[in-house]
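Letter by letter, the chains look like this.
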Amino acid sequence: MRKLLSANFSRLWKDKLFWLCMGAMLIYSVVYMLNGCRQATIGLSEYNYSIDKYYFHFAVIIGVFCALFSSMFLGTEYSDGTIRNKIVVGHTKTNIYITNLITSFAATLLMMLVWLIGALVAIPALGVWKMGVPNLLAYLLIAVMFEAALSAIFTLVCMQSTNKASTVAISMLLFFGLMIIASMTYNTLGEPEMTRDVQITTNGIEMSDPTPNPNYISGVKRTIYEFFVDFLPTGQGLQMWQLKIGNSVRMLLSSIVITILTTLGGIFVFKRKDLK
């Protein structure tokens, strides 16, 4: 496996798409954070702007880069016949699969690292993190784990499809599908329990008495929705972006379960795949 990893990382450092993704993440982080600084300077003085508000925006976009890079990088293994060559020289399918997963995960982590470094440009204007170092480290750990889950999911897709174009399309559609599902569930949970309407009376514009919101969910259904948002990597990313992470332990365990199950399932299917 060491030789496989060495070969993969040697190809990674020469991969143009990887460096394009790294450059895009760096530029995006700097521009996004500088725009946050601008909003802070022209915003209301009573609003408490901080770097925390913008620093974790990568959590909702890192999946796009992970899906794109994994499908292109691993898809090339099929189109160039690299996988068959690795098997011919004696490498097992299990080792090939795991090394490809490690490579995809490492590349995703490096892209996140580039964002985190570039985003430090906002410190002179916004200051350091008000959430404190322990919470910052907890957020980053959750990010690392849900990126592992995303890498495992996209590696599963990439290692089963022999057509690179189809692999890219499937991976991107899968990510956006997961993001849409997570967003819809998260927005449903955000519905208030009570609502108030605006009424025009003889005294002017007044607010009506609170009434139950028919869109509010409670009880067992709410518990299921909360678990679902915590379970999905995209749901974790949304909550991190909003700085509203609740059950961090459940998130970490969910990412571990997804990573293990998709990896075992992917290896099982890949070992039975005819590569001739």
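Up top is the structure.
These lines cover the structure that appears in this document, whether it is placed above or below. (Residues numbered from 1 in each chain as written. Predicted model: local features only at pLDDT ≥ 70, side-chain atom pairs only at ≥ 80, totals over all residues. Heavy atoms only, no water.)

Structural notes on the overall build of the protein
- Scanning the protein for helices and strands turns up 12 helices and 4 strands.
- Dimensions of the protein, computed from the C-alpha atoms along their principal axes, are close to 85 × 45 × 35 Å.
- Per-residue burial for the protein yields a buried fraction of 43% across its 276 residues.
- The contacts of the protein with a sequence gap of at least 6 include a subset with a gap of at least 24, amounting to 78%.
- For the protein, the exposed area adds up to about 14,200 Å²; of that, 66% sits on carbon and sulfur atoms.
- In the protein, 21 positive and 14 negative side-chain charges are present, and the distance between their average locations comes to 19 Å. (Helix = DSSP H or I, 4+ residues; strand = E, 2+ residues; numbered from the N terminus. Buried < 20%, exposed > 50% of the residue type's maximum accessible area, 1.4 Å probe, protein only. Contact = heavy atoms within 4.5 Å. Areas by Shrake-Rupley, 256 points an atom, 1.4 Å probe, with all protein chains shown as cover. Lys, Arg positive; Asp, Glu negative; His and termini not counted. Charge placed at Lys NZ, Arg CZ, Asp CG, Glu CD.)

Some details on the nonpolar core
- By size, the foremost hydrophobic cluster in this structure holds 60 residues, and its most contacted members are Met25, Phe56, Phe58, Met111 and Met240.
- Among the elements of the structure, α2 (16-42), α3 (52-55), α4 (62-79), α6 (93-118), α8 (133-158), α9 (164-189), α11 (233-241) and α12 (248-271) are those that each provide at least two residues to this core.
- With sequence-adjacent residues up to four places away left out, phenylalanine 56 is seen in contact with Met131, Leu136, Tyr139, Leu140, Met240, Trp241 and Leu243. (Core = buried A, V, L, I, M, F, W, Y, C linked by side-chain atoms within 4.5 Å.)

A closer look at α12
- With 24 residues, α12 ought to run about 34 Å at 1.5 Å a step, and its terminal C-alpha atoms sit 35 Å apart, in line with that.
- Every buried residue of α12 is accounted for by Met251, Ser254, Ser255, Ile258, Thr259, Thr262, Thr263, Gly266, Ile267 and Phe270. (Expected span 1.5 Å × (residues − 1).)

Quick look at the packing of α9 against helix α10 (residues 219-231)
- It is at 10 Å that the axes of α9 and α10 come closest, and there the two elements cross at 140 degrees. With respect to α10, the axis of α9 lies oblique. Considering the relative orientation of α9 and α10, their crossing is left-handed. Mapping the contact onto sequence places Ile181, Thr185, Tyr186, Thr188 and Leu189 in α9 and Arg222, Tyr225, Glu226, Phe228 and Val229 in α10.
- Taken together, the residues of the contact of α9 with α10 break down into 6 nonpolar, 2 polar and 2 charged. (Axes fitted to C-alpha atoms, helices over the stretch in contact; angles between N-to-C directions. Parallel < 35°, antiparallel > 145°, perpendicular 65-115°, else oblique. Left-handed = near helix turned anticlockwise from the far one by under 90°. Nonpolar A, V, L, I, M, F, W, Y, C, P; charged D, E, K, R; others polar.)

Some points on the environment of proline 233
- Inspection of the secondary structure assignment puts proline 233 in helix α11.
- When the C-alpha positions of proline 233 and arginine 250 are compared, they lie 12 Å apart, and in sequence the two are 17 residues distant.
- If near-sequence neighbours (up to four positions away) are discounted, proline 233 is found in contact with Phe146, Ala149, Leu150, Ile153 and Ile258.

Function-wise, these values are silent; they only describe arrangement.
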